[in-house]
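# Per-entry structural report
Chain residues, written in single-letter form:
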Amino acid sequence: MRFFLLPLHLVSKYPNVISQLIDKRTLDAARTLLDDSERIVILTHMSPDGDAIGSSTAMQRMLMSVGKEARIIIPDMLPAQLRRVPGAKEAVDATRYPDFAAQLIADADLIICLDFNEPGRTGNRLGALITTSEAPKLLIDHHLHPADFASVVISHPEMSSTCYLLFKVFCGLGLFGNIDTKMAESLLTGMMTDTGNFSYNAADPEIYLVVAELMRKGADKDRIYREQFETHSLDSMRLNAYAISEHMEVWPADGAALITLSREELNRFHYAKGDTEGLVNRPLAIPGVVYSAFLREEDDFVKVSMRSVGDFPVNVLCKEYFGGGGHLNAAGGEFKGTLAEAAEKFRSLLTTNKEKYIK
Ligand code: 5GP
Ligand code: MN
């Protein structure tokens, strides 16, 4: 069934103030993949964030709106605030249900990969399932350097979020008219969270035209902001205050800052996933600090998060020394070693970083 041949009145609703980004050939290829599939699986990256779950749920609902069935598989649990995104609670958590997730992937005739650039970003297990699956893959993402694993690639690193890109994909497919309030809220969540509520990577004026369209669709921007940015448990608030007060090192002359938290400290404040979201950004408020790292001790590695302002490339730092990657201004990785070793590694790079990257 060729369901994408939409009545003209829907196609004509493409908001004419918003530019078309994706070339026709790529859109046609994506449309064919969607047309030809019946059992679709949507996958996103480990530790799913607002953009990951926002794009996944918007895609799932859009597919439902054209009569397709799709399941979302998330590699691990969602933090509390992301469970409020419409459709998020129905996602299959592959950590809790590994066999079910594997079965869904085995049965899929299309795998849609959202907000990640290489299979490994979904974890070793899911990554291997993606790589070995013979189903075609459609990649829609905004991370640099997409790995060569998908049949159709819509990769735009200049876009601040996958949700923003996905809005343009929907429009390009003639599906603007199908975006309902819930899809609009999912998309707005990702656009908002990947830009720190439009405080970084948010200089593209068109972002705000899209936000306006999503609000016209009924998205409650103020509520989403409050839920995503201004809702914290008491424990989480105290943990963040403690980290800043007791475990923040700042080197203004080197433009750097570092925050560390050990397993014991996290336990003391009953750490739950998402509790330290945004903490890594806080030192960037200090005059002179242009990059900041947060190291959180996990059971068998140290989770690294970095943020920067201007052209300081934290993705390079994360890739070269901390087993990861990411964007110019937001990156992360996993350090194999102790918390003390990871912190010492970061400190040892201060002078080199300054010479290389800070004018
Ligand atoms: P966060 O600090 O929020 O965990 O991650 C920020 C960004 O860094 C993510 O959007 C992602 O692009 C990247 N990132 C985080 N962790 C990793 C990792 O382990 N490997 C890679 N390649 N990128 C990561
Ligand atoms: Mn993203």
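Our structure is the block above this text.
So, here's what we can say about the structure. Throughout this description, residue numbers start from 1 for each chain and increase along the sequence as written. Whichever chain is written first is A, and whichever ligand is written first is 1; the rest continue in order. Where totals are concerned, whole chains, interfaces and linings use all residues; where local detail is concerned, this predicted model gives features only for residues with pLDDT of at least 70, and gives and counts side-chain atom pairs only at 80 or more. As a convention, hydrogens and water are excluded, and side-chain values are obtained from all of the structure's heavy atoms.

Let us look at the coordination of the manganese ion (ligand 2). Each metal site lists N, O and S donors within 2.8 Å (3.2 Å for Na, K and Ca). With water left out of the atoms, a site can look as if it is missing ligands. Protein coordination at the manganese ion (ligand 2): the donors are D51 (OD), D115 (OD), H142 (NE2) and D194 (OD), at 2.2 to 2.4 Å from the metal. When the donor residues of the manganese ion (ligand 2) are listed from N- to C-terminus, their spacing reads D-x63-D-x26-H-x51-D. With H142 in the loop between β5 (137-141) and β6 (152-155) and D194 in the loop between α7 (181-193) and α8 (206-216), this pair connects stretches of sequence that are 52 residues apart. The pair H142 / D194 is uniform in exposure class, with both members buried. Each helix is a run of H or I in the DSSP string that is no shorter than four residues. Each strand is a run of E no shorter than two, and both are numbered from the N terminus. Accessibility here uses a 1.4 Å probe with only protein chains present; expressed as a share of the type maximum, an area under 20% marks a residue as buried, one over 50% as exposed, and anything in between as partly exposed.

A word on the site of ligand 1. Nearness of a residue to a molecule or strand requires only that one of the residue's heavy atoms be within 4 Å of it. Near ligand 1 lie 13 residues; those nearest to it are H143, K303, S305, R307 and A331. A distance of 2.5 Å is found between an oxygen atom of ligand 1 and a side-chain nitrogen or oxygen belonging to S305. Polar contact criterion, stated in full: a pair of N or O atoms within 3.5 Å, where within protein one must be able to donate a hydrogen and the other to accept it, and residues adjacent in sequence count only if both atoms are side-chain atoms. One of the backbone N or O atoms of G332 is found 3.2 Å from an oxygen atom in ligand 1. Surface exposure here means Shrake-Rupley accessible area, sampled with a 1.4 Å probe, where a residue is shielded only by the protein chains that are shown. Contact with the protein chains removes 80% of the 500 Å² of surface that ligand 1 exposes when unbound. Contributions of two or more residues to the shell around ligand 1 are made by β10 (302-308), β11 (324-326) and β12 (330-335). Of the residues forming the shell around ligand 1, the biggest block, four residues, is contributed by β12.

What follows covers the environment of T193. Structurally, the position occupied by T193 is in helix α7. Along the backbone, T193 and D49 are 144 residues apart, and their C-alpha atoms lie at a distance of 7.9 Å. Two residues qualify as a contact provided that any one of their heavy atoms is within 4.5 Å of a heavy atom in the partner residue. Sequence-distant contacts of T193, that is, excluding residues within four places in its chain, are made with G50, D51, Y200, Q228 and F229.

It is worth spelling out the packing of aromatic side chains at this point. Two rings from Phe, Tyr or Trp (for Trp, the six-membered ring) form a pair when their centres are within 6.5 Å of each other. A pair whose planes differ by under 30 degrees is stacked, one over 60 is edge-to-face, and the rest are tilted. For the structure on display, the rule yields 10 aromatic pairs. Their ring planes at 80° and their centres at 6.0 Å tell us that F167 and F176 sit as a pair that is edge-to-face. Both residues of the pair, F167 and F176, count as buried. Look at F322 and F335: their rings are 5.8 Å apart centre to centre, the planes differ by 45°, and that puts the pair in the tilted class.

With four of five residues buried, strand β1 (residues 39-43) is to be regarded as a mostly interior element. Direction of pairing for β1 relative to strand β2 (residues 69-74): parallel, over a ladder of five bridges. Paired with I42 across the two strands is I72, which belongs to β2. In this fold, the crossover linking β1 to β2 by way of helix α3 (residues 50-65) has right-handed handedness. Two strands are counted as paired when DSSP detects at least two bridges linking them. Bridge count for β1 against strand β4 (residues 110-114) is four bridges, and the pairing is parallel. Bridge pairing in β4 places L43 opposite C113. A crossover counts as right-handed when, viewed with the strands pointing away from the observer, the path leading from the first strand over the helix to the second turns clockwise.

By themselves these figures say nothing about function.
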